[in-house]
Amino acid sequence: MTMAPKREAYDVVVVGAGPAGLAAAATSAEAGLLTLLLDENIGPGGQVYRAIASTPVTERNQLGADYWVGADLVQALRTSDAEIIQRATVWSLDRNLEIAVSVGGASAFVKARRVILATGALERPFPIPGWTLPGVMTAGAAQTMLKSSALVPDGRTVIAGQGPLLWLLAAQILRLGGRIDRILDTTERGNYFAALPHVFAFLTSPYFAKGLAMMREVRAKVQVVSGVTELAASGDGQLASVNYVAGGKRETTPADLLLLHQGVVPNVNLAMAAGIEHRWDDLQLCWSPVLDASGNSSVAGIAIAGDGAGIGGAGAAVVRGRIAARAAVEALAPAVAAKLTPMAALRADLAKAERGRIFLDTLFRPAPQFRIPSGDTIVCRCEEVTAKDILDAVAIGATGPNQLKAYRRTGMGPCQGRLCGLTVTELMAQARAKSPQEIGYYRLRAPVKPITLAELAAVPKTEADVKAVVRG
Amino acid sequence: MFKRSEQDKRPPVQIFVDGTAITARQGDTVSAALLASSRDVRRSTAVSGAPRLPYCMMGVCFDCLVTIDGVGNRQGCLVPVAEGMRIEIQKGKREIGK
C-alpha cells in the first residue's frame, strides 16, 4: 500500500532509492535523524538493483554478485527507522527545501532541514534514424524487464552501442536463455589510444577482471561486429531491420528488437528545477551539478549523491550516499556524527570506488555521429522534431534550447527534455560554433513530472492561500 | 519480442487489454505485461499518430503512456498490474474525461 508521508517535516528527505539513496537514508536514520525516503518505483533498488526485493530470477549467478549487494543495502535500510514510500513521484523541490510529492494520485508537501537528491542516471539519448520505431528500446529497458519480470528477448535481437552495461546485459540475457543475434560495437577505434594513459588505474580496478570475463562469455556465443561507424533502424511502423557500416562495409540484418546503449548520464531534472548550478562535463559529455567534497550543491541544504552527481557507478554511489548523509548528520546532530565512519575513511572508499572511471569514460566516449544527428532523424521524441527542424530554427535565429522551444516545442512534451536535452545542446553548439556550456540547457521548472490539474486543485490550502488569489 | 524465463514462479494476475483477458504475473508493470503478451500493443502519438512502444521502461521517456482503469496518460512502466485491471491502448492524445 502506498501512503502519503506521515509527517509534514523531516530532518532529512532522500529522493531516490537506488544505491546512493538507500545508503544515505540508512546512514541518516541510524544516526537518529527523522528520515523520509521517497522513490518513484514499485520497490527499492533504483535501476542497478531494480526489483532487488522481488525479482523472480532466483538463480543468483545469472544476475551476478554485484546485483545482490543491493539486498544488503535494502536490509540495512529496513532495519533502520527511516520512513520509506514507494511509487512516490517528487514533482517539486525549492530553495526553502519544500518538497511536493505525488502518491496514489494525491499530492502532499513536506519540509526538510536537509535534502539528499539521489535521482541517479538515465540512458544517454541515442538518436539514430528510426530510434522511435516500435521494437527499438534501450538496453536498460531490456535489463529492467529481465530483473523485474524475468523477461528475455526471444525474437531476432540486435544490441548496438558500447560500454560496460551493454556487455553485462548481453551476459544476463544469455544466462537466462534469451536470444541475441548480433552485437554491434560502436566504440571508436581512436578511443583505445586516448584511453591508454589511464590504463594502469583501470587494470588495478575491479572493473577490469569482471569486464574481461563478461566480454569473453558473450563473445563465445554471439557474433560481435566491432568498429561500427553508422547505424540506423528501419521498418514500416515496426522495426524490420538494422542497417550499419563497419570497416567501410554497409550491412543490413533483419531484427525484431534493437537494444541501444551508449552510456548513462545524470538525471538532472529535479536538481536543475531546484535551481542547482550545473556545468557541462567535457569528458562525460553531460551536465553535472557543481558540488563540494560532501556532495553539497549550490543551493543551501541540498546535497546530491550517486550518479546524479556525475557518473561513477553503483559502488561509488553507495559511498557518495554515505558521505552526503554524514554531512547532514554533522550539520544537524554533530554529537552523533562522531560515532559514524570518519569522513576521511569514506573519502578513501570513494577514491577506490572511482578508480578506473576515467579510463572507461575515455574509452566509451560516444562518437559524434551517434550524439549529434542530422537530416530527418528525430531528436525530440515527444514533439517529433528532427535535426533538420532544429538546424532550420538556428538558421532563422534560435540561439539556444530555451529559444528553440518557441520555434519547435522541443523539450516541451511529457519527458521534459530527458530524451532530447543533451542532443539539442550539442546540436545547437555545433551549429553555432559555441561550446555546450555557452549554449546551455532547458530552463527546468516544477512540476518535473506531469501531474493533473485536478491533483493540483485538490492540494490542501489555507484561507490565506485562497485570499492571495481570489478577488473580492 | 520477449518471453518469460521458466524460473519465474510468480502467481498469475488476470488483466484486460482492450477488453481481452491476458495473464500477467504479480509484480509485472503494466508495460512489461503488455510487451510479454505478444499482442499488438502499440500506442499512437499525440503529435503525428506514429506508432510507439515503451522505450526506456524506467519512467523517463513517456512512450509507455496508456489508459489504466479509465485514466489516460498513465506511465505503464511505473504501475504494477492488479487483478481485473482494465487497460486500453491509447491512440493519440488523452481524451477529456479519461
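Summarised in this report is the structure supplied together with it.

Criteria and cut-off values
- Residues numbered from 1 in each chain as written.
- Chains lettered and ligands numbered in written order.
- Predicted model: local features only at pLDDT ≥ 70, side-chain atom pairs only at ≥ 80, totals over all residues.
- Heavy atoms only, no water.
- Helix = DSSP H or I, 4+ residues; strand = E, 2+ residues; numbered from the N terminus.
- Rg over C-alpha atoms; globule rule 2.2 N^0.38 Å.
- Contact = heavy atoms within 4.5 Å.
- Areas by Shrake-Rupley, 256 points an atom, 1.4 Å probe, with all protein chains shown as cover.
- Lys, Arg positive; Asp, Glu negative; His and termini not counted.
- Charge placed at Lys NZ, Arg CZ, Asp CG, Glu CD.
- Buried < 20%, exposed > 50% of the residue type's maximum accessible area, 1.4 Å probe, protein only.
- Salt bridge = Lys/Arg side-chain N within 4 Å of Asp/Glu carboxyl O.
- 1 Å grid on protein atoms, 1.4 Å probe; cavity = no way out; pocket = protein on both sides within 12 Å on 5 of 7 lines; lining within 4 Å.
- Points joined across faces, edges and corners; volume = space filled by probe spheres on them.
- Axes fitted to C-alpha atoms, helices over the stretch in contact; angles between N-to-C directions.
- Parallel < 35°, antiparallel > 145°, perpendicular 65-115°, else oblique.
- Left-handed = near helix turned anticlockwise from the far one by under 90°.
- Nonpolar A, V, L, I, M, F, W, Y, C, P; charged D, E, K, R; others polar.
- Pairing = 2+ DSSP bridges.

### Considering the overall build of chain A
Here comes step 1: When helices and strands are counted, chain A shows 20 helices and 22 strands.
Here comes step 2: Taking 472 residues into account, the globule formula puts the C-alpha radius of gyration at 23 Å, and chain A, at 22 Å, falls close to it.
Here comes step 3: C-alpha atoms of chain A, sized along the principal axes, occupy 70 × 55 × 40 Å.
Here comes step 4: Taking the intrachain contacts of chain A between residues at least 6 apart in sequence as the baseline, contacts between residues at least 24 apart amount to 68%.
Here comes step 5: Entry remark: accessible area of chain A is about 19000 Å², with carbon and sulfur atoms responsible for 55%.
Here comes step 6: Where the 48 positive side-chain charges of chain A centre and where its 41 negative ones centre are 2 Å apart.

### Regarding unusual backbone geometry
Note on backbone geometry: most residues besides glycine have negative phi, and most peptide bonds are trans.
Here comes step 1: The linkage connecting Ala 446 of chain A with the following residue, Pro 447 of chain A, adopts the cis geometry, with an omega of -5 degrees.
Here comes step 2: Residue position: Pro 447 of chain A is located in the loop between α18 (436-439) and α19 (453-457).
Here comes step 3: We note that Phe 62 of chain B has phi near 65 degrees; this positive angle belongs to a residue other than glycine.
Here comes step 4: The backbone of Asn 73 of chain B shows a phi angle near 55 degrees, a positive value even though the residue is not glycine.
Here comes step 5: On the secondary structure map, Asn 73 of chain B appears in strand β7 (residues 71-75).
Here comes step 6: A relative accessible area of 35% means that Asn 73 of chain B is categorised as partly exposed.

### Quick notes on the side chain of Arg 357 of chain A
Residues and elements named next belong to chain A.
Here comes step 1: Note on placement: Arg 357 falls in helix α13 (residues 357-363).
Here comes step 2: No salt bridge is formed by the buried Arg 357; the nearest opposite charge belongs to Asp 361, separated by 4.2 Å.
Here comes step 3: Setting aside anything within four residues of it in sequence, one finds Arg 357 in contact with Tyr 207, Gln 284, Ile 311, Gly 312 and Gly 313.

### With respect to empty space enclosed by the protein
Residues and elements named next belong to chain A.
Here comes step 1: In total, this model carries 5 cavities of 30 Å³ or more according to the counting rule given.
Here comes step 2: Considering only enclosed or pocket space, the largest cavity measures out at about 110 Å³ in volume.
Here comes step 3: Around the largest cavity, the lining is made up of 14 residues, and of these Val 265, Pro 266, Val 268, Leu 422 and Tyr 441 lie nearest the centre.
Here comes step 4: Contributing elements (two or more residues each) for the lining of the largest cavity: β17 (264-266), β19 (286-289) and α17 (421-431).

### Notes on the packing of helix α15 (residues 387-395) of chain A against α17 of chain A
All names here are of chain A.
Here comes step 1: Closest axis-to-axis distance for the α15/α17 pair is 10 Å, and the angle between their directions is 45 degrees. Taken together, the axes of α15 and α17 are oblique relative to one another. Note that α15 runs across α17; the crossing there is right-handed. Along the contact surface, α15 presents Ala 387, Ile 390, Leu 391 and Val 394, while α17 presents Val 424, Leu 427, Met 428 and Ala 431.
Here comes step 2: Grouping the constituent residues of the contact of α15 with α17 by class yields 8 nonpolar, no polar and no charged.

### Notes on the sheet that holds β7 of chain B
Residue and element names in this part refer to chain B.
Here comes step 1: Spatially, 5 strands are ordered β3-β2-β8-β6-β7 in an open sheet, and the strand pairing comes out mixed. Both outer strands of the open sheet, β3 (20-25) and β7, are each paired with one neighbouring strand and no more. The sheet shows a mean angle of 40 degrees between the axes of neighbouring strands, direction not considered.
Here comes step 2: Pairing analysis gives 6 bridges linking strand β2 (residues 12-17) to β3, with the strands arranged antiparallel.

### Looking at the environment of Glu 98 of chain A
Here comes step 1: Position of Glu 98 of chain A among the secondary structure elements: in strand β5 (residues 98-103).
Here comes step 2: Contact partners of Glu 98 of chain A, with chain neighbours within four places excluded, come to Ser 92, Leu 93, Phe 109 and Val 110 of chain A.

### With respect to the pattern of salt bridges
Here comes step 1: With the rule as written, the count across this model stands at 24 salt bridges over all chains.
Here comes step 2: Between Glu 426 of chain A and Arg 371 of chain A there is a salt bridge, with its nearest N and O atoms 2.7 Å apart. You can see Glu 426 of chain A sitting in helix α17 and its partner Arg 371 of chain A sitting in helix α14 (residues 368-371), a full 55 residues away along the chain.
Here comes step 3: Here Arg 371 of chain A falls in the buried class, since its relative accessible area comes to 10%.
Here comes step 4: Across the pair Arg 43 of chain B and Asp 63 of chain B runs a salt bridge, and its minimum N-O distance is 2.6 Å. Placement of the pair is Arg 43 of chain B in strand β4 (residues 43-44) and Asp 63 of chain B in the loop between β5 (51-52) and β6 (65-68), with a sequence separation of 20 residues.

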